[in-house]
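What follows is the residue order along each chain.
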Amino acid sequence: MESLPATRRVPGPSDQHSKGDHIPLVVSRETGDIVPESHQADPLVRPDKIEATPFAKSWAHFVAGGIGGMTAAALTAPLDVLKTRLQSDFYQAQLRASRQSHAGVPLNPVRAAWYHFSETGQILSSVYRQEGPRALFKGLGPNLVGVVPARSINFFTYGNGKRLIAKYFNNGQEGTWVHLSAGVLAGIVTSTATNPIWMVKTRLQLDKNVAAESGGVTRRQYQNSYDCIRQILRNEGLRGLYKGMSASYLGVAESTLQWVLYERMKTALALREEKIVQSGRQKTWWDHAVNWTGNAGAAGGAKLVAAILTYPHEVARTRLRQAPMDHGKPKYTGLIQCFKLVFKEEGMAGLYGGMTPHMLRTVPSAAIMFGMYEAILRLLHTPS
């Protein structure tokens, strides 16, 4: 039996179909499911004869996800550097010293928020002045190297996981628990495969390029990504590349929540589009704008909610990946110990250090990535 093609052939005037003929169908490249419109338009094709391909061709999703992720990472790199530094205990100590000078000044919520944003901008400006513009993009190399496989693995695992879970455990129907399970699976697989890349990225960003106390000597611990990997393997062993893995697995909750919210928002947008079509009215400029930017807005909104609810794991992951102290022993040895020590030394504020630049980076980053992903799929005429 011939496999179903991924695009539908438009029948010509001379085409004649018998009752048993099969019409080429549209197959989703992400999930492998048959697109409903491809068989609803022709009653000769019986739904009980339709079977999805085991693994749909996903090259378009690999390309779209990779381009979207790379673009978002490059545009938001300075805020990523700032976020990582604010999460580390070295920069948190500097912030506490700065805040002590304002301890006697009462701040209302509006002034406190403005002071927080101003503080974030000052740190970003100081990095530019003291270390140069290249410091704003430190760690971008391994970040870009990690984005393509991470997004490819995530989208591929989520799409196929969603299809298989729905097919074998939910009678072929999608639902919230199906999206939840697929999101957990995609998060675990992606975190395990890409943890060494993010480990190197974090170390390079935290590498202090400031004058040493004695003599004003400027020293760098890592010269480049290769040197960073070499030193980690020599000093900490292979397990050193997987530090922060427990916090990454805890972060699966964030990515899973984002996927579930994104699917719900996309469903709401699809229902809105369906009502417009059924009403027969002409689309306004706002309808067209929502049609093209709705998924990007849904991605940004889903990321915002998920990041706020699960942010402390970001701090723990950064602390666990910090280089060992001068005596060679790490300050943070485990996930629970890390949470307890940060809370003891810095309070609840320490668990949310760097949240402002994190939100400023991840929300537009998610919108850019998913927006470009959906737009490229449309340009390639590929069902999402």
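Whatever comes next refers back to the structure up there.
Cut-offs applied
Residues numbered from 1 in each chain as written. Predicted model: local features only at pLDDT ≥ 70, side-chain atom pairs only at ≥ 80, totals over all residues. Heavy atoms only, no water. Salt bridge = Lys/Arg side-chain N within 4 Å of Asp/Glu carboxyl O. Helix = DSSP H or I, 4+ residues; strand = E, 2+ residues; numbered from the N terminus. Buried < 20%, exposed > 50% of the residue type's maximum accessible area, 1.4 Å probe, protein only. Core = buried A, V, L, I, M, F, W, Y, C linked by side-chain atoms within 4.5 Å. Contact = heavy atoms within 4.5 Å. Axes fitted to C-alpha atoms, helices over the stretch in contact; angles between N-to-C directions. Left-handed = near helix turned anticlockwise from the far one by under 90°. Nonpolar A, V, L, I, M, F, W, Y, C, P; charged D, E, K, R; others polar. Expected span 1.5 Å × (residues − 1). Bend = angle between axes of the 7 residues up to and from the residue. Phe/Tyr/Trp six-rings, centres within 6.5 Å; stacked < 30°, edge-to-face > 60°.

A.B. asks: How would you sum up the pattern of salt bridges? Please name residues and give values.
C.D. replies: Taken as a whole, this structure holds 12 salt bridges when the rule is applied. Ionic pairing is found between arginine 230 and aspartate 227, a salt bridge with its closest N-O pair at 2.5 Å. With arginine 230 and aspartate 227 both in helix α8 (residues 225-236), this residue pair falls three residues apart, about one helical turn. According to the relative accessible area criterion, arginine 230 is partly exposed, its value standing at 37%. For the salt bridge of lysine 303 with glutamate 254, the shortest nitrogen-to-oxygen distance reads 2.7 Å. Of this pair, lysine 303 sits in helix α11 (residues 285-310) while glutamate 254 sits in helix α10 (residues 252-279), and the two are 49 residues apart along the sequence. You'll find lysine 303 and glutamate 254 in the same group, each marked buried.

A.B. asks: Can you break down the nonpolar core residue by residue, with the values?
C.D. replies: If you look at the biggest cluster of nonpolar residues, it comprises 20 residues, and the most contacted ones within it are Trp259, Tyr262 and Phe370. Where this core is concerned, the elements lending two or more residues are α2 (59-75), α6 (140-169), α7 (176-206), α10, α11 and α15 (355-379). With five residues, the single largest contributor to this core is α15. Among all residues touching tyrosine 262, those that are not within four sequence positions of it are Asn295, Ala298, Ala299, Ala302, Phe370 and Glu374. The next biggest cluster of nonpolar side chains, apart from the first, holds nine residues, and it includes Ala247, Ala316, Leu320 and Leu341.

A.B. asks: Lay out the packing of α11 against α15 with the relevant residues and their values.
C.D. replies: Two elements in contact, α11 and α15, have axes separated by 8 Å at closest approach and are oriented at 145 degrees. With respect to the hand of their crossing, α11 and α15 are arranged in right-handed fashion. Contacts from Asn291, Trp292, Asn295, Ala296, Ala299, Gly300, Lys303, Leu304, Ala307 and Ile308 in α11 reach Met355, His358, Met359, Thr362, Val363, Ala366, Ala367, Phe370, Gly371, Glu374 and Arg378 in α15. Of the residues in the contact of α11 with α15, the class split is 12 nonpolar, six polar and three charged.

A.B. asks: I'd like to hear about unusual backbone geometry, residue by residue, with values.
C.D. replies: Non-glycine residue asparagine 171 carries a positive phi angle of around 55 degrees. For asparagine 171, a relative accessible area of 76% corresponds to the exposed category.

A.B. asks: Just give me the short version of α7, but keep the residues and values in it.
C.D. replies: Along its 31 residues, α7 runs just 39 Å from first to last C-alpha, ending more than 12% under the 45 Å computed at 1.5 Å per residue. Where α7 bends most, the angle comes to about 55 degrees, and this point is threonine 194, followed within four residues by the proline proline 196.

A.B. asks: Could you give an account of the packing of aromatic side chains, naming the residues involved and the relevant values?
C.D. replies: Following the criterion strictly, the structure yields eight aromatic pairs and no others. Ring geometry for tryptophan 259 versus tyrosine 262: centroids 6.3 Å apart, planes at 65 degrees, classification edge-to-face. Here the residue tryptophan 259 and the residue tyrosine 262 both occupy positions in helix α10, the gap between them amounting to three residues, near one helical turn. With respect to burial, tryptophan 259 and tyrosine 262 carry one shared label: buried. An angle of 80 degrees between the planes, with centres 5.9 Å apart, marks the rings of tryptophan 285 and tryptophan 286 as edge-to-face. An aromatic cluster of at least three residues, connected via ring pairs, comprises Phe155, Tyr158, Trp259, Tyr262 and Phe370.

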